[in-house]
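Chain by chain, the residues run as shown.
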Amino acid sequence: MQVHFTILFRKHKIIYRLGLLFFVVLLNSCNVVKRVKANEHLITKNTIIVDDKVNKEERVNNLIVQKTNLGMKGLFGFPLRLHVYNLARPNIDSILQAKVLSDSSKVRWKTKVLSKKQFDREIQSRKNFNSWLKRTGEAPTILDEEKTNKTVNRLRKYYYTKGWFDNEVSYDIQKDSNKRAQVTYKVTRNKPYILDSLKPIISSPAIDALYSDFSKASLIKKGEQYEEQNFENERERINTYLRNHGFYHFGQDYIRFVTDTIGTTQKVNTELIIADRVIRTDDSTSVKPFQVYKIKEVNIFTDDNFENRFKTISDTTTYEDYNLYSKNKLRFRPKALTDAVFINKGDIYSDISRSRTSRYLNDLQMFRYPSIEYVENADDTTLTANIYLEPKKKYALSLDLDVSQSNIQTIGFSVTPGLKIRNIFRGAETLELSGIAAIGASEDGNDNDETFFDINEFGGNIRLTIPRLFTPFNTDNIIPKYMSPNTAINLSITSQQNIGLDKQTLSGLLSYNWSPSRTVTQALELFNVQFVKNLNTSNYFGVYSNSYDRLNDIAQDIGYIPSDEDLTIPNEADQFIDDVLDGNTSLSPGDDDFIAVNNIEERKQRLTENNLIFSSSFDYVKDKRANIFDNSFSIFKWRVELAGNLLSNLSELFGSSRNNDGNYEVFGVAFSQYFKTEIDYIKYFDLGQKNVFALRSYAGIAIPYGNSNSIPFAESFFAGGPNDNRAWTAYNLGPGSSATTNEFNEANFKIHLSAEQRFGLFGDLRGALFIDAGNIWNVLDNVEDDSATFTNFDSLQDIAIGSGFGLRYDFDFFVLRFDTGFKTYEPSLSPGNRWFKNYNFRNAVYNIGINYPF
């Protein structure tokens, strides 16, 4: 059982040091050569010129041994870490000895005031701070011609591997009287060498017989320029091919290439040599041809662990050529285990079968570290595959406790217990049960109510995960089992009191998930049902107070109520809306106030209506990120959703009646019908030296039709917030150019673009400069406000632009982010007054977030 508490804390020591450091650096002279000795030179610039053109490629410039100090050519050309290093005293011990320790009277006075122990601590703290400056900073890069020559050799080798065997590299150093130097490397590549012939020399007949097959996809092709990496990639490709075609003992070391350029004119003749197998024993070495190995037996040990290591096997089962052994009673149905195994009796040995088996077993989340072992049989060229499984505990409990505070409650407490049951139906299924119970004290609770905790929320969730596609027909030909398909069935219910409109929510989900490749995942939500019932719609104006304030101001302005009185909620507020729309006031349909009241009523009706959403959707994700350290990758996400079609067709088929608005109802609720799609693309560029440039583009649209003329609030889009346009708070941007004061602004069409330059400052502290652009609009729905509607491409002038800077601290397991966003272009202002009107710290938005925004 685990208990988690939300704790807010500050690192006073780090903040103090950072603040002091920035202050001192700004006041300190910007003399970058402060610690550069006489006759030494600080490298301020490196330039590589290739065939008379400056080369800025990262992979080429990374060959330079002596790189300039970080920031020398980066953020405003300000090498922050070098300045931090220059603040440190190179001889702190001598300085302290000369200025403090050698003066006995000063030592006596300080030890009398501070005590001997405190005095020693002060001296040590000075030394420690000096050491911290050196560690945090970066020593100046002093010109060393020996290292310059190493760079020359690196450049020669690099271009040699690219096929320019006759390349020439030289360098030129420009020194000035201010102890600065610039180094220029000049590369002349000359003519490249071209691949000519490729001759295979293969010793083993079994491999030679396959050469015509695996050579078709060769990366070494006649007529192409020599590229050393292609030869390395070809070795890996051949090795992979052979190890997936039965050659169990084969390894990449048995493949080598011999190239020859003698007697040619910039041409390369190549020999592909694949040697026989070398067998080494304690006292001898022998050579024999490689042979194809087949799988003779597949054994699955279902409960292999430390506790029962001395027990004998008591339960044996054979299922479809698989042998299952258990020391206790077999807990799984045989098919549940054999479906996860891609190693088949009688098949030739294959690495990919082994990796797929390992991946599938891990995806089941039933076992700790599944292992696969192959044992060579002495009498023939066969293998016995032994799969060892250690089941996890069947039951797992969890408990989350949380203490929170928000704008609607002074304090709140919640508890979320959970129970996970593994292998519940003996088919490797997982059942997860969780609940939530929360209570809180509202900010504006009823003074006459003796109950302090007047807010509560209760709910439960049931989720069943089945490690296969749960369908009435076989889908192996469409989605093979190596794609690790699974089925998720989810049911949840929640109920709120004194939170917003006091919603009750019931939802159910049936989804299929699979992974066609390492980078691609797909999901089909066959049924996603959501029912939302608002129990306290009379409290609408109590929740959306901005709408009420606007309504109240209009009522006072036209004399509907005295200027010193307010509309009561909900009776007078609702009556005033009815009177305005029925023409019982001085307002006419063309008046701005009449339009405002009409918009308030439309929004009120949409946000207070009960929702029934019965949808199906498909998700596609392609994530090319290799690992968490990869900073050069892309992520593409696409989602398409259809809602209400099934219910609409059934209603028409059975001749269901329509309500007063002309819509079909199910259980007294008009169901939603819409089409929705979203596209999200993220691209990272690794610029080296902890510099990363990141881009994000997003577009989404939800179009109501048939049984709906608007989109449910839960399916709408919003703009602003720490992961969106950071110059606006969440829900505070848009729609379009409207100057709305609504608490929650949402619409059914969204465009968002972000660009962010991330760079290292020092240690684990990172910096960022960013630009965010985007907005939300209403389109093809019942909203009639022109300023909030996307009508044509001219509406793109309503795209809001925010810019700013941020600081991020990397704690290894998460990144703490602080971003400051400035309103750069505000579409809600008048057309000639939109740029930089509120571009200042007073109107900036300060965002705190966990991990990067995208």
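Everything quoted here is computed from the prediction, not taken from an experiment. (Residues numbered from 1 in each chain as written. Predicted model: local features only at pLDDT ≥ 70, side-chain atom pairs only at ≥ 80, totals over all residues. Heavy atoms only, no water.)

A separate point is the sheet that holds strand β14 (residues 371–376). With mixed pairing, five strands are arranged side by side in an open sheet as β12-β13-β11-β15-β14. The open sheet has two edge strands with one neighbour each: β12 (315–319) and β14. Direction aside, the axes of adjacent strands within the sheet are offset by 20° on average. When β14 meets strand β15 (residues 382–388), the two strands line up antiparallel, connected through six bridges. Across the sheet, residue tyrosine 374 finds its bridge partner in β15, namely alanine 385. With respect to the sheet, helix α12 (residues 351–364) is in contact with β14 and β15, its orientation differing from that of β14 by roughly 150°. (Pairing = 2+ DSSP bridges. Helix = DSSP H or I, 4+ residues; strand = E, 2+ residues; numbered from the N terminus. Axes fitted to C-alpha atoms, helices over the stretch in contact; angles between N-to-C directions. Contact = heavy atoms within 4.5 Å.)

With that out of the way, let us pick up the nonpolar core. The biggest cluster of nonpolar side chains holds 28 residues, and the ones touching the most others in it are Ile343, Leu364, Phe367, Tyr374 and Ile387. For this core, the elements supplying multiple residues, two or more each, are β11 (294–301), β13 (322–326), α11 (334–338), α12, β14 and β15. With residues up to four places along the chain from it excluded, the contact list for isoleucine 387 reads Val298, Asn299, Ile300, Phe301, Val341, Thr357, Leu361, Ser371 and Ile372. (Core = buried A, V, L, I, M, F, W, Y, C linked by side-chain atoms within 4.5 Å. Buried < 20%, exposed > 50% of the residue type's maximum accessible area, 1.4 Å probe, protein only.)

Attention shifts here to the packing of helix α14 (residues 545–557) against helix α15 (residues 571–581). Running from N to C, α14 and α15 point in directions that differ by 65°, and their axes come no closer than 11 Å. Note that α14 runs across α15; the crossing there is left-handed. On the side of α14, the interface is formed by Leu551, Ile554 and Ala555, while α15 contributes Ala573, Phe576 and Ile577. (Left-handed = near helix turned anticlockwise from the far one by under 90°.)

Looking now at the packing of aromatic side chains. Taken as a whole, this structure holds 47 aromatic pairs when the rule is applied. A centroid spacing of 6.0 Å and a plane angle of 80° characterise the contact between tyrosine 544 and phenylalanine 744, whose relative ring orientation is edge-to-face. Taken together, the residues tyrosine 544 in the loop between α13 (540–543) and α14 and phenylalanine 744 in the loop between β28 (691–704) and β29 (749–762) connect sequence positions 200 residues apart. For phenylalanine 744, a relative accessible area of 31% translates into the label partly exposed. Among the aromatic residues, those joined into a ring-pair cluster are Tyr540, Phe541, Tyr544, Tyr548, Phe713, Phe718, Tyr731 and Phe744. The side chain of arginine 625 reaches across the aromatic face of tyrosine 684, ending 6.0 Å from its centre. (Phe/Tyr/Trp six-rings, centres within 6.5 Å; stacked < 30°, edge-to-face > 60°. Lys NZ or Arg CZ within 6 Å of the ring centre and 35° of its normal.)

Attention shifts here to a positive patch on the surface. Residues Lys34, Arg89, Lys99 and Lys106 make up a contiguous surface patch of positive charge. Here lysine 106 lies in helix α5 (residues 104–114). Here lysine 106 falls in the partly exposed class, since its relative accessible area comes to 32%. (Patch = residues over 30% accessible without salt bridge, like charges linked within 9 Å, V, L, I, M, F, W, Y side chains within 5 Å. Areas by Shrake-Rupley, 256 points an atom, 1.4 Å probe, with all protein chains shown as cover. Salt bridge = Lys/Arg side-chain N within 4 Å of Asp/Glu carboxyl O. Lys, Arg positive; Asp, Glu negative; His and termini not counted. Charge placed at Lys NZ, Arg CZ, Asp CG, Glu CD.)

Our focus in this paragraph is unusual backbone geometry. In this chain, isoleucine 569 is followed by proline 570 through a cis amide linkage whose omega measures 5°. Looking at where proline 570 falls in the secondary structure, it is placed in the loop between α14 and α15. Cis geometry marks the peptide bond from glycine 734 to proline 735; its omega dihedral reads -5°. Summarising the element assignment, proline 735 is placed in the loop between β28 and β29. Located in the positive-phi region is lysine 179, a residue other than glycine, with phi close to 65°. Phi at alanine 428 takes a positive value of approximately 65°, unusual for a residue other than glycine. Looking at the element boundaries, alanine 428 is found in the loop between β17 (409–422) and β18 (430–442).

Burial analysis of β15 places six of its seven residues in the buried class, which makes it a mostly covered element. Sheet topology places β11 next to β15; seven bridges connect them, and they run parallel. Its bridge partner being in β15, asparagine 299 is matched across the sheet by asparagine 386. Counting the residues that bridge the hairpin from β14 to β15 gives five residues.

This part covers the sheet that holds strand β2 (residues 42–50). One open sheet accounts for four strands, arranged β3-β2-β5-β4; its pairing is mixed. Every interior strand has two partners, whereas the edge strands, β3 (53–54) and β4 (168–175), have only one. Sheet topology note: the β2/β3 ladder contains two bridges and is antiparallel. By the bridge assignment for β3, valine 50 is matched with lysine 53.

Our next topic: α12. With 14 residues, α12 extends 20 Å between its outermost C-alpha atoms, agreeing within 8% with the 20 Å of an ideal straight helix rising 1.5 Å per residue. Contacts made by the buried residues of α12 are with β14 and β15. Of the residues flanking the start of α12, the one acting as N-cap is serine 350, its side-chain oxygen 3.4 Å from the backbone nitrogen of isoleucine 352. (Expected span 1.5 Å × (residues − 1). Polar contact = N/O pair within 3.5 Å; in protein donor to acceptor, adjacent residues only side chain to side chain.)

What follows deals with the confidence of the model for the protein chain. Here the protein chain averages 88 in pLDDT, and 94% of its residues register 70 or above. Low pLDDT (under 50) marks residues 1–18, which in the prediction has 18 contacts with non-local residues, meaning those over four places away or in another chain. Overall, residues 23–29 carries pLDDT values under 50, and its contacts beyond four positions in sequence, including any with other chains, amount to nine contacts. (pLDDT = per-residue confidence, 0-100.)

Attention now goes to a negative patch on the surface. Together, Asp549, Asp553, Asp557, Asp564, Glu565, Asp566 and Glu572 make up a negatively charged patch on the protein surface. For the negative patch, the element with the most residues is α14, which contributes three residues. Take aspartate 566: it is sitting in the loop between α14 and α15.

This brings us to a nonpolar patch on the surface. Together, Leu769, Phe805, Leu807, Leu816, Phe818, Phe841, Tyr846, Ile848 and Ile850 make up an exposed nonpolar region whose accessible area comes to about 850 Å². Among the elements of the structure, β31 (800–810), β32 (815–825) and β33 (845–850) are those that each provide at least two residues to the nonpolar patch. Within the element layout of this structure, leucine 807 appears in strand β31. Judged by relative accessible area, which is 37%, leucine 807 ranks as partly exposed.

Counting buried residues in strand β30 (residues 765–777) gives 11 out of 13 residues, a clear majority hidden from the surface. Across 13 bridges, the pairing between β29 and β30 is antiparallel. Its bridge partner lying in β30, lysine 750 is registered against isoleucine 776. Counting the residues between successive antiparallel strands, the hairpin from β29 to β30 contains two residues, one of them, glycine 763, with a positive phi of roughly 60°.

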